[in-house]
Amino acid sequence: MLWYPPSVSGAVPTGRSGHTASMLQNDLLVFGGVKNNKWQKSLAVLDTMLWKWSVPKILGDAPRARSYHTATPIPGSNLLVIFGGNNETECFNSVHVLDASSEKWSWFHPTVTGTAPCPRTGHSAVLLEDGKTILIHGGWDPNVDEDDCQINDEEMFFGDSFLLDTEIWTWKPGPKPKFAQRQAGIDNGGPKRAGAPAILAPGQEVSRMLLFGGRIPHDRFSNDFQSITVPRRMMGM
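Summarised in this report is the structure supplied together with it. As the structure is a computational prediction, the values presented were derived from the model and not from experiment.

## Quick word on empty space enclosed by the protein
For the structure on display, the rule yields 1 cavity of 30 Å³ or more. Each pocket or cavity is described by its volume, and for the largest cavity that value is around 30 Å³. Along its surface, the largest cavity is lined by Thr70, Thr72, Val81, Phe83, Ala125, Ile134, Ile136 and Leu164. Elements with a contribution of two residues or more to the lining of the largest cavity: strand 8 (70-74), strand 9 (79-83) and strand 13 (133-137).

## Side note on the sheet that holds strand 3 (residues 27-31)
The mixed open sheet is built from 5 strands, whose spatial order is 1-7-6-3-2. The sheet is open, and its two edges are formed by strand 1 (9-10) and strand 2 (20-24), each paired on a single side. Bridge analysis of strand 1 against strand 7 (residues 52-54) gives 2 bridges, and the strand direction is parallel. Counterpart to Gly10 in the pairing with strand 7 is Trp53.

## Topic: the pattern of salt bridges
Pairing is possible between side chains that carry opposite charge, provided their charged atoms lie close to one another. One pass over the structure, following the stated rule, counts 7 salt bridges. With its nearest N and O atoms 3.8 Å apart, the salt bridge here joins Glu154 to Lys192. Highlighted residues: Glu154 in the loop between strand 13 and strand 14 (161-165) and Lys192 in the loop between strand 16 (178-179) and strand 17 (198-202), separated in sequence by 38 residues. Within this structure, Lys132, Asp165 and Glu167 form a network of salt bridges that share partners.

## What about the nonpolar core?
Counting residues in each nonpolar core, the largest one holds 13 residues, and the members touching the most others are Val81, Val95, Ile134, Leu164 and Trp171. For this core, the secondary-structure elements that each account for two or more residues are strand 9, strand 10 (95-99), strand 13 and strand 14. Excluding anything up to four places from it in sequence, Val81 contacts Thr70, Ala71, Thr72, Ile74, Val95, His96, Val97, Ile134, Leu164, Thr166 and Trp169.

## Things to note about the sheet that holds strand 13
Taken in spatial order, the 4 strands of this open sheet run 12-13-14-15, and their pairing is antiparallel. Both outer strands of the open sheet, strand 12 (124-127) and strand 15 (170-173), are each paired with one neighbouring strand and no more. When strand polarity is set aside, the average angle formed by the axes of neighbouring strands in this sheet is 20°. In this structure, strand 14 lies alongside strand 15, joined through 4 bridges in antiparallel fashion. The residue of strand 15 that forms the bridge with Leu163 is Lys172.

## A short note on the packing of aromatic side chains
Under the counting rule described, the total for this entry stands at 6 aromatic pairs. With a centroid separation of 5.3 Å and an interplanar angle of 65°, the aromatic rings of Phe83 and Trp171 are classed as edge-to-face. Taken together, the residues Phe83 in strand 9 and Trp171 in strand 15 connect sequence positions 88 residues apart. In this pair, the class of Phe83 matches that of Trp171, namely buried. When the ring of Phe162 is compared with that of Trp171, the centres are 6.2 Å apart and the planes differ by 85°; the resulting orientation is edge-to-face. For the pair formed by Phe162 and Trp171, the shared burial category is buried. Aromatic rings pair up to connect Phe83, Phe162 and Trp171 into one cluster.

Basis of the calculations
Residues numbered from 1 in each chain as written. Predicted model: local features only at pLDDT ≥ 70, side-chain atom pairs only at ≥ 80, totals over all residues. Heavy atoms only, no water. 1 Å grid on protein atoms, 1.4 Å probe; cavity = no way out; pocket = protein on both sides within 12 Å on 5 of 7 lines; lining within 4 Å. Points joined across faces, edges and corners; volume = space filled by probe spheres on them. Helix = DSSP H or I, 4+ residues; strand = E, 2+ residues; numbered from the N terminus. Pairing = 2+ DSSP bridges. Salt bridge = Lys/Arg side-chain N within 4 Å of Asp/Glu carboxyl O. Core = buried A, V, L, I, M, F, W, Y, C linked by side-chain atoms within 4.5 Å. Buried < 20%, exposed > 50% of the residue type's maximum accessible area, 1.4 Å probe, protein only. Contact = heavy atoms within 4.5 Å. Axes fitted to C-alpha atoms, helices over the stretch in contact; angles between N-to-C directions. Phe/Tyr/Trp six-rings, centres within 6.5 Å; stacked < 30°, edge-to-face > 60°.

Set out below in structure tokens:
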């Protein structure tokens, strides 16, 4: 393996944090983020074959400016699904889609049925093996008033999971996370967490989301693995 800085041309995005970076074919799509309390809703594209940045013209209305959302590519449909995130005053639980399947890209905002997750930010998301179902877990709502003595720190964090079918745009509850096996000497941080990177670990009969670390209640940071197992029958496979 080798790290190297490629020679990049074009309109480089401004510095920011809390943005997403997602691959669709050869393009790296950077959306949203925040800098100096200014939230972004722009989309920048890096062509990784030419190492050139561009800002495409996109039909429709972009999602509201946000940071710490998720942006999940659906390669088979050439879609990018945006969920959640936050701005200065609120978190979101709406679903927004960038359609890059034709020469003219466009935003659309599907009407999603089922019981949606609570508004949240800093959650985790992976696309399951069926190529259409997004598994979302955790996150938190930092806009809950921490100075309110009636609010427990535990209430700011989420430990639930949800499945979003991107063909029929329906939410349904997902499986509960479990402390992954063979972690000798590692404390179980519990299911509630935010800012935890996640990957898909495919299997013959199940798909598994593996999450590592993240911020957990009581201002702590975990170094454990949590596992969410999704049977193929839950994906309609």
